[in-house]
Amino acid sequence: MPADGPSLSDRLARQIEAGGPISIAHYMAEANAHYYNSRDPLGAAGDFTTAPEISQMFGELCGLWLADIWMRSGRRANPYYVELGPGRGTLAADALRAMEMAALAPKVHFVETSEALRAKQRANVPHAQWHDDLDSLPQDGPLLVVANEFFDALPVRQMVATPQGWRERVVIRALNGEPGRFAPMAGYRPMDSAVPDSLRHAPEGAILETSTASATVAYALALRIAKQGGAAIIIDYGYEGPAFGDTLQAVRGHKTANPFADPGDSDLTAHVDFACLGNMARQAGLRIFGPVGQGAWLTALGIDARALALAGKSPERTQEIESARSRLTADDQMGTLFKAMAFVHPDWASAEGFNG
Ligand code: SAH
């Protein structure tokens, strides 16, 4: 982060003064680019904790899932491990170790825009190669892909139902006395044509979210898998849309915050529409599995046995391992809100963990 130059807040304020309100998607994209590029947000000392940071079991089971489908699909040559938004590289390190036990040692490619997190990833997985986006990923082998809490960081647009019809929700400068520097409001341009017929007649205030960025990345990923072979496991918190709801959320220091107060200093996320991701993959000709709850998926893959084995090796850690297992799988924790969905090449084997 440059020490001089205007802050992100100042830049956004100037953009709004010069060009009028900006979209929620534009605001979210700018805020998250700055946020991730300037820090490591993960873990107890940061803003939020993700599944791979809770326990090695999570990454190991992702790795074993990929190794299993690769083996049952005929051990195709020259596979690549690809991770989207790998955070600290913890998941990848755990997954690669588990894959090695299955005699699978893929080359490692990370799609990551944050310089701060690339440095952490390099320390954990020194032999990885980095990409700004999917375009430059290798083309000469099947892709074994993981994306955990990646899609939730991509920008969403919001449409809001007003008495005058649907409008895009936009960001303006907050008025004096309002909390935070920015505030959302309904834009002026009619947007009814952007809302599916079946949802047109919604109650006033209803909000409909769409993420072009997520759809674009999901489609690009699916096209690559269709062309090169492979499978992807996508885990995130989300729903099967279309559905109404404002899921834009800011988290700072493990607490929710006002998304419009300090752009670039809190983590902005929106729930992932798994139906949309699935449609993209189907259009590219892939098979879809799920979504199922993260808890059901991890349980089907054997997290209970893995927890017992780990506790057997380190009895003094039994309590900690059990509490991590429960955090990842319990319905009132991450087990239901977080969901897993798989994209699989039509000639590859069926995905494990989705029939239950
Ligand atoms: N998967 C990790 C980190 C999740 S946080 C874990 O589970 O711990 C989101 C990750 O996505 C971060 O690594 C962030 O830098 C990355 N990211 C966010 N937006 C991105 C974008 N547009 N392109 C590539 N990576 C992005």
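Here, every reference points to the structure presented above.
What you see is a predicted model; the values in this text were computed from it and never measured. (Residues numbered from 1 in each chain as written. Predicted model: local features only at pLDDT ≥ 70, side-chain atom pairs only at ≥ 80, totals over all residues. Heavy atoms only, no water.)

Examining the nonpolar core
Core analysis: the largest hydrophobic core is formed by 50 residues, its most contacted members being Trp-65, Tyr-81, Ile-233, Trp-297 and Phe-354. For this core, the element with the highest residue contribution is helix H4 (residues 56-72), accounting for nine residues. Residues in contact with Trp-65, not counting those within four places in the same chain, are Ala-231, Ala-232, Ile-233, Trp-297, Leu-301, Ala-342, Ala-351, Glu-352 and Phe-354. Ala-215, Ala-222, Phe-274 and Ile-288 belong to the second largest nonpolar core, which has 30 residues in total. (Core = buried A, V, L, I, M, F, W, Y, C linked by side-chain atoms within 4.5 Å. Buried < 20%, exposed > 50% of the residue type's maximum accessible area, 1.4 Å probe, protein only. Helix = DSSP H or I, 4+ residues; strand = E, 2+ residues; numbered from the N terminus. Contact = heavy atoms within 4.5 Å.)

Let's talk about the site of the ligand
Near the ligand there are 15 residues, and of these Thr-50, Gly-85, Gly-87, Glu-112 and Asn-148 occur at the shortest range. Taking Thr-50, its side chain carries an N or O atom lying 2.5 Å from an oxygen atom of the ligand. At a separation of 3.5 Å, a nitrogen atom of the ligand approaches a polar side-chain atom of Thr-113. In isolation the ligand offers 570 Å² of accessible surface; the protein chains occlude 90% of this area. Comparing atom positions with the cavity grids shows the ligand to sit within the largest pocket. Classifying every residue of the shell around the ligand by side-chain character gives seven nonpolar, six polar and two charged. (Near = heavy atom within 4 Å. Polar contact = N/O pair within 3.5 Å; in protein donor to acceptor, adjacent residues only side chain to side chain. Areas by Shrake-Rupley, 256 points an atom, 1.4 Å probe, with all protein chains shown as cover. 1 Å grid on protein atoms, 1.4 Å probe; cavity = no way out; pocket = protein on both sides within 12 Å on 5 of 7 lines; lining within 4 Å. Sits in = over half its atoms within 2 Å of the grid points. Nonpolar A, V, L, I, M, F, W, Y, C, P; charged D, E, K, R; others polar.)

Points about the pairing of strand S6 (residues 157-162)
Burial runs high along S6: five of the six residues are buried. Note: S6 against strand S9 (residues 207-210), four bridges, orientation antiparallel. Following the sheet pairing, Val-160 is matched in S9 by Ile-207. Joining the antiparallel neighbours S6 and strand S7 (residues 165-173) is a turn of two residues. (Pairing = 2+ DSSP bridges.)

Thoughts on the environment of Ala-153
Assignment of secondary structure puts Ala-153 in the loop between strand S5 (143-148) and S6. Considering only alpha carbons, one finds Ala-153 and Lys-227, 74 residues apart in sequence, at a separation of 27 Å. With near-sequence residues (within four places) excluded, Ala-153 lies in contact with Met-28, Asn-32, Tyr-36 and Leu-268.

Some points on the layout of surface pockets
In this approach a probe as big as a water molecule rolls over the atoms, and the regions it shows empty are the leftover space. Looking at the largest pocket, its volume works out to about 710 Å³. Taken together, 37 residues line the largest pocket, and the ones lying closest to its centre are Gly-85, Glu-112, Thr-113, Phe-150 and Leu-154. For the lining of the largest pocket, the secondary-structure elements that each account for two or more residues are helix H2 (24-37), helix H3 (51-54), helix H5 (90-101) and helix H7 (212-228). Ranked by the residues each element gives to the lining of the largest pocket, the list is headed by H2, at five residues. Counted by class, the lining of the largest pocket contains 18 nonpolar, eleven polar and eight charged residues. Its boundaries defined by the atoms lining it, the second largest pocket holds a volume of some 420 Å³. What lines the second largest pocket is a set of 20 residues, among which Phe-48, Thr-49, Glu-149, Tyr-237 and Phe-338 lie closest to the centre. Of all the secondary structure elements, the ones that give two or more residues to the lining of the second largest pocket are strand S11 (249-252), strand S12 (255-257) and strand S13 (267-269). Classifying every residue of the lining of the second largest pocket gives eight nonpolar, six polar and six charged. (Points joined across faces, edges and corners; volume = space filled by probe spheres on them.)

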